[in-house]
Amino acid sequence: MICPKRTSELLDLHLAPFKDKDPAWEIGVSKIAGRGVVATRSLKRGEIIFRDSPLLMGLAAHEEDSLNACSVCLKMLPDTRFMCRQGCGLPVCSLCAKKKQHKSDCDLFKSWGPNEPDVANSVIIRLLCVARAINLTKEQRDLIYCLQANLDNNHRTEVRNAAKCFKNFPTDKKLIEIMNRTVAVLRTNGFDKTTDRTNDNQEFNYRALYPLFGVVNHDCIPNAYYTFEEKTNNMIVRAAVDIPEGFEVTTTYTKLFTGNIARHLFLKMKKSFTCKCSRCSDPTEKGAFISGLYCRDTNCTGLVVPEISGLPHPNWNCLECKQKSTHAQMMKSQDFASGAINAKANSNSLRTLVQYLNEKSDSFIPSSNYVVIDAKMSVLQRLQQGREDCSEELAHNTRLRYSRDITQMMDKLGLGDSLLRTHLEELLRREEERRAKRLADEAEKQRKLAELQAKAAEADKLLEVLEKEQAEQSKAAGTADPGTAPAPPPAATVELA
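The name an unreviewed UniProt entry gives the chain is SET domain-containing protein, with Drosophila yakuba as the organism.

This is the structure we're talking about:
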């Protein structure tokens, strides 16, 4: 490993365009892994720690990807006639075809002679990010060699497979070594899309190497997060929490809501190291119970968590009755729960999935389990596109409930600021404003209704008074006028003699 001083010198050259005269970081000795990025002063939550620019960047070009994107500006192109007409085997737009970057790429790949230059080949397009290392300056290549590279048995596979796609692929050992080393560094420290990397940071759909960020070590509870500038693809790293002076800046290589076992396997297989952070050392994961399952004893209400053993298939212990279970036994419970929830998630009814999560799933899997958390995040993503078959009230209540559930889980884990938290808090704010407005509108309706009812009651009283007055007037009038004249007295009878 090259010393931190030399790494710092090369990074200073790389970052010179940012003209940061008082950086908040330095390369220092790390308690996590050899060396790392250390804060040179106290950093407040949300403060920018550093900016970084890509030393290498290209299309990820996986087999399942659409290959009609420009290899220079990375923008999508029409479905037809997007390949370079000079025969280099690279897709390029009409504007970038005239740029210096493409001329360099084109000359290099044409000299190697692509077998089918007019056909988009994911292997060739993917290799471009690696091949660009050949044309870097000496200092830039030295910087690549400063970064951690896991030289396992597979790091030469990509270049070896790419060689089959060219007629005159170079055989010079130095060039092959540069490319193999670059592949190893990219696999260890680079970006290759972010779908399997984290749900805490901004998605990034390209293959790239950010040298300073490549020195930042992993922690399952990171104290920093990153975003990208859209026009430049420069990275901005911010403090997720307050970071005291002298503390190491950390990021996460994994998804946040993944249990200990899955994270350990991912880091071991993809990054070739075992994480020993505070979360990984705690079977309960800070009391969040992301891996927690119900005890197999039907008379026990406790949660079962995996042992911290470093093994891929550890035993599990019940925190209540202390019963031990094998990994295979607990995975049956986990797989059953996953299958049941996924079946609802894959149905055409979002309402059915929401009702299942709210009313049924808690009977066989804890609400803290990562399967449930992932399902709730999926629901929020679908609701962002539309209500589907959910009523407006159900959609509103679900956004509120699930946003709170996930935010509370982040709080339990001790996670600070992130794009995910920002999104959830913004969603909560909007939904609470909608609820407040709806309540205010309802209150206004009730007020107006009460006013109408009061006026109606007042009118009823007034009418009653008028009717009473009329009745009294009628009675008074009846007393003054007897109504009919009394019968006249009978006429006198005259008797005749």
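A closer look at the environment of Ala24
Relative to the helices and strands, Ala24 is located in the loop between α1 (4-14) and β1 (25-29). By relative accessible area, Ala24 is classed as buried at 1%. Spatially, the C-alpha atom of Ala24 lies 8.4 Å from that of Val38, the residues being 14 residues apart in sequence. Not counting the four nearest positions on each side in its chain, Ala24 is found in contact with Val38, Ala39, Thr40, Arg41, Leu43 and Ile49.

What about the sheet that holds strand β4 (residues 56-59)?
Here we have three strands laid out as an open sheet, ordered β4-β6-β5, and antiparallel in their pairing. Pairing within the sheet leaves two strands with one partner each, and these edge strands are β4 and β5 (191-192). Note that β4 and strand β6 (residues 206-209) share four bridges and pair antiparallel. Residue pairing in the sheet places Leu56 in a bridge with Leu209 of β6.

Considering the packing of aromatic side chains
Tallied over the entire structure, the rule returns 16 aromatic pairs. Measuring from ring centre to ring centre gives 5.7 Å for Tyr210 and Phe228, while their planes differ by 50°; the resulting arrangement is tilted. With a gap of 18 residues between them, Tyr210 in the loop between β6 and α7 (211-215) and Phe228 in strand β8 (residues 224-228) connect regions that are remote in the sequence. Here a set of aromatic residues connected by ring pairs shows up, and it is made of Phe191, Tyr210, Phe213, Tyr226 and Phe228. Lys271 extends its terminal NZ or CZ atom over the ring of Tyr253, reaching a point 5.3 Å from the ring centre.

Quick look at the pattern of salt bridges
For the structure on display, the rule yields 28 salt bridges. A salt bridge links Glu431 to Arg399, with the nearest nitrogen and oxygen atoms 3.5 Å apart. Here Glu431, found in helix α13 (residues 419-480), pairs with Arg399, found in helix α12 (residues 392-413); they are 32 residues apart in sequence, far enough to count as distant. Looking at Arg399, the relative accessible area reads 12%, which means it is buried. Through salt bridges with shared partners, a single network forms among Arg6, Glu9, Lys138 and Asp142.

Points about the pairing of strand β2 (residues 35-39)
Residues in a regular strand project their side chains so that they alternate between the two faces of the sheet. With five of five residues buried, β2 is to be regarded as a mostly interior element. With five bridges connecting them, β1 and β2 associate as antiparallel partners. Along β2, the bridge assignment pairs Gly28 with Gly36. Between the antiparallel neighbours β1 and β2 lie five residues, among them Gly34 with a positive phi of about 70°.

Brief notes about the sheet that holds strand β9 (residues 235-239)
In spatial order, the strands read β3-β9-β8; together these three strands make up an open sheet with antiparallel pairing. Only two strands of the sheet have a single neighbouring strand rather than two, namely β3 (48-52) and β8. Recorded for the sheet is a direction-independent mean angle of 20° between the axes of neighbouring strands. Here β3 pairs with β9 via four bridges, running antiparallel. Residue pairing across strands places Asp52 opposite Met235, the latter belonging to β9.

As for the domain arrangement of the chain
One can read the domain layout of the chain as domain 1 (4-53 + 210-253), domain 2 (56-191) and domain 3 (285-423). Centre-to-centre, using C-alpha coordinates, domain 1 lies 27 Å away from domain 2. Counting residues at the interface gives 16 residues for domain 1 and ten residues for domain 2. Between domain 1 and domain 2, the buried area comes to about 1,100 Å², and carbon and sulfur atoms account for 70% of it. Linking domain 1 with domain 2 are one salt bridge. Ionic pairing is found between Arg6 and Asp142, a salt bridge with its closest N-O pair at 3.6 Å. Counting every contact that joins domain 1 to domain 2 gives one residue pair in polar contact (both at pLDDT 80 or more). Those elements giving two or more residues to the side of domain 1 that touches domain 2 turn out to be α1, α7 and β8.

Observations concerning helix α4 (residues 138-146)
Restricting attention to buried positions, one finds in α4 the residues Leu143, Ile144 and Cys146. One side of α4 carries all its buried residues, which in axial view fall inside an arc of 155°. Buried residues along α4 sit against α1, β2, β4, α6 (173-189), β6 and α7.

Notes on the packing of helix α3 (residues 122-131) against α6
Packing of α3 against α6 leaves a shortest axis separation of 9 Å and a crossing angle of 95°. Classified by the angle their axes make, α3 and α6 are roughly perpendicular. Contacts between α3 and α6 pair Cys129, Val130 and Ala131 from the former with Met179, Thr182, Val183 and Leu186 from the latter. Its residues placed into classes, the contact of α3 with α6 shows six nonpolar, one polar and no charged.

Cut-offs applied
Residues numbered from 1 in each chain as written. Predicted model: local features only at pLDDT ≥ 70, side-chain atom pairs only at ≥ 80, totals over all residues. Heavy atoms only, no water. Helix = DSSP H or I, 4+ residues; strand = E, 2+ residues; numbered from the N terminus. Buried < 20%, exposed > 50% of the residue type's maximum accessible area, 1.4 Å probe, protein only. Contact = heavy atoms within 4.5 Å. Pairing = 2+ DSSP bridges. Phe/Tyr/Trp six-rings, centres within 6.5 Å; stacked < 30°, edge-to-face > 60°. Lys NZ or Arg CZ within 6 Å of the ring centre and 35° of its normal. Salt bridge = Lys/Arg side-chain N within 4 Å of Asp/Glu carboxyl O. Axes fitted to C-alpha atoms, helices over the stretch in contact; angles between N-to-C directions. Domains from an automatic or database assignment. Buried area = accessible area lost by both parts, 1.4 Å probe. Polar contact = N/O pair within 3.5 Å; in protein donor to acceptor, adjacent residues only side chain to side chain. Arc of directions from axis to C-beta. Parallel < 35°, antiparallel > 145°, perpendicular 65-115°, else oblique. Nonpolar A, V, L, I, M, F, W, Y, C, P; charged D, E, K, R; others polar.

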